[in-house]
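This is what each chain is made of:
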Amino acid sequence: MKRLALLALGLLVALGAEAQSFKFDFTTGKKVKEGYTKITPADRYSDEKGYGYDLIASPEEQSTAPFFFSVSVPDGNYLVTAVVGNKRVAGITTVRGESRRLFFENIETKKGELKPCTFVINKRNTHISDKEDVRIKPRERHKLNWDDKLTLEFNGDAPQLSELVIERVENIPTIFLCGDSTVVDQDNEPWASWGQMITRFFDAGVSFANYAESGECANTFIAAGRLKKALSQMKAGDYIFMEFSHNDQKQRGPGKGAFYSFMTSLKTFIDEAHARGAHPVLVTPTQRRSFDEKGKIRDTHADFPDAIRWLAAKENIPLIDLHQMTRTLYEAMGVEPSKKAFVHYPAGSYPGQNRPMADNTHFNPYGAYQIAKCIIEGMKKIDLPILEHLREGYTAYDPAHPDKVEDFKWNDSPFTEIEKPDGN
């Protein structure tokens, strides 16, 4: 009996391992590579099937429209190899995942040319335990970051995909991102944050798990179970980045304040990370686009950035001073040109937008891309070991000399939203 039980357990383990490895062939020929599943436009995602084209129409042959492909997988990190290109036509392909996390951008392929794009992506759902789930907000209920499937977006001027291999991976460092709307993976155009852009600059030796959410404070992040969910996935050698303040500074009442309840909450993050052998990193908040009459950035976060610096020194943990770097960045851009980094768009720029959008806190994709580079430069200053996983080709970035906005190429995702994210 015991032997039969062990055999049954071994079979279940084998089936589980098989279910976490997928190989798909998207080519139009009848021949199928050994071990691969042939995909046609008729293969639409369903819970029963567990894979297929999703969210919008399947691509037709030689189509230049974006498309989504989803696979049902358990929580964890997954090594993805997307072989982009087509034997029949040229292509320009951008690869994103889950809630618009950027992994590869504008990959050009000639007719007949195939290029593998390999990266690691983190997938999660809201489930913490049999008795508890993350208490997400109503607007998060359809967020791709929180569902039971891994969704990949193939965009660009002419997206082409020939093969897709997805395999679960263990024992690579995961960087958990905790914060507010300046960090979160924004689902819809034209909103974006640095947490969904930084993934583009790292190789498959590291994974980013973005738990940030718009409108969150350090204490509400904890109360909603977001930290507990992250801790349930955390292991020794991982990292946890914490960037709060935008919403925390608005809290009023006894015990509230930068050096009071805010410190207590951040200390909870730090202690819980240390208890699991993970490395906490504090990040000061991004500046708001608020200029004085001399073209200099006004400080709008009260004493919260100083409190974060004080705590980092007291606890002897690394600090990325994003507050200072974004001051340099916005002043280098200038009063009017800096609008190009934020959600500033005239009426009619997006469907249903009958009024101008003028948001001085939240970034568009170009702005988020610049902030992500600031974070990387901050990592360099504190010499984080994970920098060994920076992709080849990354060049040093100086916030005083930002990338030209006209050189930034971004193909909008199909989904837009004119309502601003929670928080300011």
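This structure is a prediction, so every number in the text was calculated from the model and none was measured.

Caption draft 1: Just the sheet that holds strand E5 (residues 76-85), in detail. Taken together, 5 strands build an open sheet; the order of strands is E2-E1-E12-E5-E8 and the sheet is mixed. In the strand order of this sheet, the two ends are held by strand E2 (37-38) and strand E8 (114-123), each with one partner. Of the strand pairs in this sheet, strand E1 (residues 21-25) and strand E12 (residues 161-169) are connected by 5 bridges, and their pairing is antiparallel. Of the residues in E12, the one forming a bridge with Phe 22 is Ile 166.

Caption draft 2: Highlighting the packing of helix H4 (residues 261-275) against helix H5 (residues 304-315). Between H4 and H5, the shortest axis-to-axis distance is 11 Å and the interhelical angle comes to 40°. Accordingly, the angle class assigned to the pair H4 and H5 is oblique. Seen from above, H4 lies across H5 with right-handed handedness. For the pair H4 and H5, contact is made by Phe 262, Met 263, Leu 266, Lys 267 and Ile 270 and by Phe 304, Ala 307, Ile 308, Trp 310, Leu 311 and Glu 315, respectively. Here the residues of the contact of H4 with H5 are counted per class, giving 9 nonpolar, no polar and 2 charged.

Caption draft 3: Molecular detail of the sheet that holds strand E17 (residues 319-320). The 5 strands lie next to each other as E14-E13-E15-E16-E17, forming an open sheet whose pairing is parallel. The open sheet terminates on both sides in strands that have one partner only, identified here as strand E14 (207-210) and E17. Pairing analysis gives 5 bridges linking strand E13 (residues 174-179) to strand E15 (residues 239-243), with the strands arranged parallel. In the strand pairing of E15, Gly 179 is matched with Glu 243. The strands that H5 touches are strand E16 (279-283) and E17; relative to E16, the one it contacts most, it runs at about 155°.

Conventions and cut-offs
Residues numbered from 1 in each chain as written. Predicted model: local features only at pLDDT ≥ 70, side-chain atom pairs only at ≥ 80, totals over all residues. Heavy atoms only, no water. Pairing = 2+ DSSP bridges. Helix = DSSP H or I, 4+ residues; strand = E, 2+ residues; numbered from the N terminus. Axes fitted to C-alpha atoms, helices over the stretch in contact; angles between N-to-C directions. Parallel < 35°, antiparallel > 145°, perpendicular 65-115°, else oblique. Left-handed = near helix turned anticlockwise from the far one by under 90°. Contact = heavy atoms within 4.5 Å. Nonpolar A, V, L, I, M, F, W, Y, C, P; charged D, E, K, R; others polar.

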